[in-house]
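Descriptive structure summary
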Amino acid sequence: MDKPLYFDWAGTSPSDEEILRESLEISMKYWGNPSSVHNLGKEARCILEEARAKCASVLDVKPEQLYFTSGGTESDHIILLSVAAKPVKGTVLISNIEHPALREMADSLTKCGFQVKSLLADENGIITPETVVSSLTDNTLLICIMAVNNETGVIQPLKEISSAVKEATKGKRRPKIHADCVQASGKIPLEIKDWDIDSAAFSAHKICGPRGIGLLYLKDKVEPFLKGGGQENGIRSGTENLFGAVAFSKVLEKYLIRKENETAVNKFEEQKINTAWFINELSKISCCTVLPKTRLSNQEKFSPYVVQAAFNNIPGQVMLRALNAKNICISTGSACSAKKANRPVLEAMHIDSKLRETAVRFSFGPGTTREEMETLVEAVKEVAGTFNK
């Protein structure tokens, strides 16, 4: 195989070369600082605001509710640090299956006098509304729950959670709800307003855009902890990344799953079929366990773009290297945790330690074909057969 087969889209995605070239040309033409008041700056500012307006239109929110950042991690951090800027200490609830960008940063709040409590996922990796409501206290300030898990693909019931929290806090101050939507973008239909959440984080490089550019949705403006030049309406200081903003707006428009985007919707439906077939084929391998096990019978609660599976007697790193030798790229989980032996997401789901050690992640994207997935299945069968004779 000359060209690698890529099944680590949850780690990062191949760039949409046409969009990146077009965006780079635009940024070179309008090279002024968008915050400068001279004509070159004003021209760049117009391009930046056009990009923001396009993102807002695609996400069905107001342009003034979107802020460009350096990526999903910074977008998450802005929300967490906005809590630290509050004069009154309180409690932050964070699911125990979050990406390290949230999970590890949240621990830092304890050093600032805030209490951080874990919302425990069930065996399917789902945070139920009942779990959230039972964890609420009068001083709960923020609730953080990712929309789609980056390791298992499970979709969290954000709309139901938001509704339950609203009902439970009726007549009181309602805690803010933040959703990391980095893995949800282009992987499931996004319904931010319908979910009734207060903030959301996005990253361009997960949907064929460039690295180093993210978005933060804020229903209402927050008090930033970090301050500087006051760019992005004071939420995120620093000279704006015009190239990144333009590119992000274009990949959002092209790849976000919404009724106006027939191509993305059709690909989403096609991927559902292909992933159902893929999971069924994996289940035929005697040493394979699809995680969580209930996914075999209830795939609607999972994004079709992420699949987790464990292979008896084959450590995850061994499966990864064996497939890599065949020029096939997969991962054992989050790229941010790739060098760590522990698997906190699977542990939070009470997956047996032996299964955790043998688990790998297969993740797909809009460029993934059925033929490529068929090749992947055959390669996995070969590796599994070698180690389980």
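The paragraphs below set out a description of the structure included in this document. (Residues numbered from 1 in each chain as written. Predicted model: local features only at pLDDT ≥ 70, side-chain atom pairs only at ≥ 80, totals over all residues. Heavy atoms only, no water.)

1. Points about the sheet that holds strand E8 (residues 214-218)
Spatially, seven strands are ordered E2-E8-E7-E6-E5-E3-E4 in an open sheet, and the strand pairing comes out mixed. Each edge of the sheet is formed by a strand with only one pairing partner; in this case those strands are strand E2 (66-69) and strand E4 (115-119). Averaged over all neighbouring strand pairs, the angle between strand axes comes to 20°, with direction disregarded. Two strands pair when backbone bridges link them, and strand E6 (residues 176-180) and strand E7 (residues 199-203) are joined in this way by three bridges, in the parallel orientation. Counted as the bridge partner of alanine 179 is alanine 200 from E7. Contacting E2, E7 and E8, helix H2 (residues 39-59) runs over the sheet at an angle of about 120° to E2. (Pairing = 2+ DSSP bridges. Helix = DSSP H or I, 4+ residues; strand = E, 2+ residues; numbered from the N terminus. Axes fitted to C-alpha atoms, helices over the stretch in contact; angles between N-to-C directions. Contact = heavy atoms within 4.5 Å.)

2. What about the nonpolar core?
Of all hydrophobic cores here, the largest spans 63 residues; its most connected members are Leu59, Ile143, Phe202, Leu215, Phe248 and Leu252. The residues contacting isoleucine 143, other than those within four sequence positions of it, are Leu93, Leu119, Val132, Leu136, Val165, Pro175, Lys176, Ile177 and His178. Among the nonpolar cores identified, the runner-up in size contains 32 residues, and Phe268, Val318, Phe362 and Met373 belong to it. (Core = buried A, V, L, I, M, F, W, Y, C linked by side-chain atoms within 4.5 Å. Buried < 20%, exposed > 50% of the residue type's maximum accessible area, 1.4 Å probe, protein only.)

3. Observations concerning helix H3 (residues 72-84)
Over its 13 residues, H3 runs 19 Å from end to end, which matches the ideal 18 Å to within 8%, given 1.5 Å per residue. A large share of H3 lies buried, amounting to ten of its 13 residues. Among the residues of H3, Gly72, Ser75, Asp76, Ile78, Ile79, Leu80, Leu81, Ser82, Val83 and Ala84 are the ones counted as buried. (Expected span 1.5 Å × (residues − 1).)

4. Quick notes on the pattern of salt bridges
Following the criterion strictly, the structure yields 28 salt bridges and no others. Of the charged contacts in the structure, one is a salt bridge between glutamate 17 and arginine 21, with a shortest N-O distance of 3.2 Å. Of this pair, glutamate 17 and arginine 21 both sit in helix H1 (residues 17-29), separated by four residues, roughly a single helical turn. The salt bridge involving aspartate 196 is made with lysine 166; its shortest N-O contact spans 3.9 Å. You can see aspartate 196 sitting in the loop between helix H7 (192-195) and E7 and its partner lysine 166 sitting in helix H6 (residues 158-168), a full 30 residues away along the chain. (Salt bridge = Lys/Arg side-chain N within 4 Å of Asp/Glu carboxyl O.)

5. Remarks on the pairing of E8
Of all five residues that make up E8, five are buried, and the element is covered over most of its length. Pairing analysis gives four bridges linking E2 to E8, with the strands arranged antiparallel. In the strand pairing of E8, leucine 66 is matched with tyrosine 217. Sheet topology places E7 next to E8; five bridges connect them, and they run antiparallel. By the bridge assignment for E8, phenylalanine 202 is matched with leucine 215.

6. Quick look at the sheet that holds strand E10 (residues 306-311)
The three strands are arranged E9-E10-E12 in an open sheet whose pairing can be described as antiparallel. At either end of the open sheet lies a strand with only one pairing partner, and these are strand E9 (288-291) and strand E12 (359-363). For this sheet the average axis-to-axis angle between neighbouring strands, irrespective of direction, equals 30°. Across five bridges, E10 lies against E12 in antiparallel orientation. Bridge pairing in E12 places glutamine 308 opposite arginine 361. Of the strands in this sheet, E9, E10 and E12 touch helix H9 (residues 262-283), which is tilted by about 5° from E10.

7. Digging into H9
A rise of 1.5 Å per residue sets the reference length of H9, with its 22 residues, at 32 Å; its end C-alpha atoms lie 32 Å apart and thus fit the reference within 8%. All buried positions along H9 are accounted for by Ala264, Lys267, Phe268, Gln271, Asn274, Thr275, Phe278, Ile279, Glu281 and Leu282. Axial view of H9: buried residues confined to an arc of 145°, hence all on one face. Turned more than 90 degrees from where H9 packs its buried face, Glu262 and Ile273 sit exposed. Against the buried residues of H9 lie helix H8 (242-255), E9, E10, E12 and helix H13 (370-387). (Arc of directions from axis to C-beta.)

8. Let's talk about the packing of H2 against H8
Their axes nearest at 9 Å, the elements H2 and H8 cross at an angle of 25°. In terms of their interaxial angle, H2 and H8 are classed as roughly parallel. Here H2 runs over H8; the crossing is left-handed. Every residue of H8 that contacts H2 at Ala44, Ile47, Leu48, Ala51, Lys54, Cys55, Val58 and Leu59 is listed here: Leu242, Ala245, Val246, Phe248, Ser249, Lys250, Leu252 and Glu253. Across the contact of H2 with H8, the residue classes break down as twelve nonpolar, one polar and three charged. (Parallel < 35°, antiparallel > 145°, perpendicular 65-115°, else oblique. Left-handed = near helix turned anticlockwise from the far one by under 90°. Nonpolar A, V, L, I, M, F, W, Y, C, P; charged D, E, K, R; others polar.)

9. Digging into the environment of leucine 226
Mapping leucine 226 onto the fold places it in the loop between E8 and H8. Given the relative accessible area of 58%, leucine 226 is considered exposed. Each C-alpha atom of the pair leucine 226 and arginine 173 lies 25 Å from the other, and the pair is 53 residues apart in sequence.

10. Let's talk about the packing of aromatic side chains
How two aromatic rings sit relative to each other is set out by the distance from centre to centre and by the angle between their planes. Summed over the entire model, instances satisfying the criterion amount to six aromatic pairs. Ring geometry for phenylalanine 7 and phenylalanine 364: centres 6.0 Å apart, planes at 80°, overall edge-to-face. Taken together, the residues phenylalanine 7 in the loop between strand E1 (5-6) and H1 and phenylalanine 364 in the loop between E12 and H13 connect sequence positions 357 residues apart. Ring centres of phenylalanine 268 and tyrosine 305 lie 6.5 Å apart, and the angle between their planes is 20°; this geometry places the pair in the stacked category. With phenylalanine 268 in helix H9 and tyrosine 305 in the loop between E9 and E10, this pair connects stretches of sequence that are 37 residues apart. Take phenylalanine 268 and tyrosine 305: they sit in the same class, and that class is buried. Ring pairs connect the aromatic residues Phe7, Phe278, Phe311, Phe362 and Phe364, which therefore count as one cluster. For the cation-ring pair, arginine 370 lies above tryptophan 277, with the distance from its terminal atom to the ring centre recorded as 4.3 Å. (Phe/Tyr/Trp six-rings, centres within 6.5 Å; stacked < 30°, edge-to-face > 60°. Lys NZ or Arg CZ within 6 Å of the ring centre and 35° of its normal.)

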